[in-house]
Amino acid sequence: MIFDPQALLLIKFICLLTSTAAVAWGLIAQPLKIATQASMRFSLANLFVLLGIILNSQRTEASSYFFWFCSDMAILFGFILARWGTKALFRLKPSVKSDLILLALTAGVMLLVPPNFSSERILAIVFSACAALIFAMLTRDNYLAIKRDTGNRVAIAMVMPLVAMVGIFIIRIFIALLSPEESPMFIAMHTQEAIPVLWFYVFLALLINIVMIGNAMTRLVSKIRMLAERDQLTGLWNRRAMHKFLNNIHQRWLRDKVPYSMILLDLDHFKDINDQYGHDAGDLALLTAARLFGSVLRENDALCRHGGEEFLVILPATDAPAARVVAEKLHQVLKDNSFIWQGVTIKIHASLGYATIYQGCQPDKLLIQADQAMYRAKSEGRDRICQAC
């Protein structure tokens, strides 16, 4: 194969980019240990793409499964590894089985034609169809994960390079199908006609790795934010996050007059558990209570650890009668369950106070009233529910 000098230079540059990215992601995985599993997959993704490009550049007039079939499979597997890295980074549901089935079907179709220039258009169509599908799924994965952490606008902006990659592969399919005379621009990598597309591949190689870095940074910031807003023991929202959530629903109350309520719970005789069984047993009691409370709350309700053995539940769009129903569920779920510590069954009970927003009341005042109702429940004998006066 005779290479155009500029095309060869661009191919070398793409190889340099992918090899550098592979090393960089490898260093992020080890020894920095930042998103280790995802970073390692991103590193391997670049390595497989690099391997595929090197094999592609060695194609000759002779038939060769090594330089044709293996080249395409290496690049496609690199794309799949990029998807697996994204899933690991954002803790999405794995798609190993479906991705490998897609790769196996593509391989089966490619093996039906001879691995040489006579089949180049067919192989390019099959390769591009598989690649477009992989990047479409990768785009969806990135969009859903980033939207969850940062919102719709940022998610759309960050997936645009992936959308562009999907578009390029679809265009490549149509060019190969409908305009055979133009296909060398999109199929062969060694000709002068391919230089504009090679430049686009350079640009996309940079953008895709930038997207990966952006994803890693998004996940890191999200994790830092979560650590700042979550209780270390139970994983529930802490007081800082609770005040933020409470202010948001109070603004909705002021704007739309949609009522909200809050329930303050305090585990009864919690000190006795710590004194009799130890603080590890107390921690397990808190974890058990958090799990049980979460099992009866709605998805849009906020459950936070208010401090010590106290829990606060904020109930959006909930009036006083509905808040009473929720309080009874929380009270009952503790009574119906227990936990075992070193062979001993330990029951947990709680005293609950609840309050509902009303005209002229501020969140801090409502919280004080819920707290007073909870202490009244304690003073009346514990293990009961009281409404704020």
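Keep in mind that what you see is a predicted model, and the values were worked out from it rather than measured.

Draft legend 1. Region of the structure containing helix α6 (residues 152-178). Given a rise of 1.5 Å per residue, 27 residues ought to cover 39 Å, and the 37 Å separating the end C-alpha atoms of α6 matches this to within 8%. Met-160 marks the point of greatest bend in α6, at about 45 degrees, and the proline Pro-161 comes within the next four residues.

Draft legend 2. Focus on the layout of surface pockets. Reported here for the largest pocket is a volume of approximately 1000 Å³. In this structure, the largest pocket is lined by 31 residues; those nearest its centre are Asp-149, Arg-219, Ser-222, Lys-223 and Met-226. Among the elements of the structure, α2 (36-57), α3 (69-90), α5 (120-150), α8 (195-229), α9 (239-256) and β2 (302-307) are those that each provide at least two residues to the lining of the largest pocket. Along the lines of polarity and charge, the residues of the lining of the largest pocket split into 16 nonpolar, four polar and eleven charged.

Draft legend 3. Representation of the pairing of strand β1 (residues 261-267). Counting buried positions along β1 yields seven of seven residues, so the element is predominantly enclosed. Burial along β1 is two-sided: Ser-261, Ile-263, Leu-265 and Leu-267 facing one way and Met-262, Leu-264 and Asp-266 facing the other are all buried. Pairing analysis gives six bridges linking β1 to strand β3 (residues 310-315), with the strands arranged antiparallel. Within β3, the position partnered with Leu-265 by the bridge is Phe-311. Bridging between β1 and strand β6 (residues 350-356) involves seven bridges; their strand directions are antiparallel. Considered in β6, the bridge of Leu-267 is made with Ala-350.

Draft legend 4. Geometry of the environment of Leu-246. Along the polypeptide, Leu-246 turns up in helix α9. On a C-alpha basis, the gap between Leu-246 and Phe-67 in space is 62 Å, while along the polypeptide they are 179 residues apart.

Draft legend 5. A look at α9. Over its 18 residues, α9 runs 25 Å from end to end, which matches the ideal 26 Å to within 8%, given 1.5 Å per residue. Within α9, burial applies to Ala-241, Met-242, Leu-246, Ile-249, His-250 and Trp-253. Here the buried residues of α9 occupy an arc of 165 degrees about the axis, which is enough to place them on one side. Among the exposed residues of α9, those oriented more than 90 degrees off its buried face are Arg-240, Asn-248 and Arg-255. Where α9 starts, the residue carrying a side-chain oxygen 3.2 Å from the main-chain nitrogen of Arg-240 turns out to be Asn-238. After α9 finishes, the residue Lys-257 shows a positive phi value of roughly 60 degrees.

Draft legend 6. Highlighting the side chain of Ser-71. Inspection of the secondary structure puts Ser-71 in helix α3. You can call Ser-71 buried: its relative accessible area is 0%. A polar contact is formed between the side chain of Ser-71 and the backbone oxygen of Gly-52, at a distance of 2.8 Å. For Ser-71, the residues in contact, after removing those within four places along its chain, are Gly-52, Leu-55, Asn-56, Arg-59 and Phe-66.

Draft legend 7. Inspection of the sheet that holds strand β7 (residues 385-387) at higher detail. What the five strands build is an open sheet, ordered β2-β3-β1-β6-β7; its pairing is mixed. Looking at strand neighbours, the two that pair on one side only are β2 and β7, the edges of this open sheet. Taking the axes of each pair of neighbouring strands and ignoring which way they run, one obtains an average angle of 20 degrees across the sheet. With three bridges joining them, β6 and β7 adopt parallel strand pairing. By the bridge assignment, Tyr-354 is partnered in β7 with Gln-387.

Rules used throughout
Residues numbered from 1 in each chain as written. Predicted model: local features only at pLDDT ≥ 70, side-chain atom pairs only at ≥ 80, totals over all residues. Heavy atoms only, no water. Helix = DSSP H or I, 4+ residues; strand = E, 2+ residues; numbered from the N terminus. Expected span 1.5 Å × (residues − 1). Bend = angle between axes of the 7 residues up to and from the residue. 1 Å grid on protein atoms, 1.4 Å probe; cavity = no way out; pocket = protein on both sides within 12 Å on 5 of 7 lines; lining within 4 Å. Points joined across faces, edges and corners; volume = space filled by probe spheres on them. Nonpolar A, V, L, I, M, F, W, Y, C, P; charged D, E, K, R; others polar. Buried < 20%, exposed > 50% of the residue type's maximum accessible area, 1.4 Å probe, protein only. Pairing = 2+ DSSP bridges. Arc of directions from axis to C-beta. Polar contact = N/O pair within 3.5 Å; in protein donor to acceptor, adjacent residues only side chain to side chain. Contact = heavy atoms within 4.5 Å. Axes fitted to C-alpha atoms, helices over the stretch in contact; angles between N-to-C directions.

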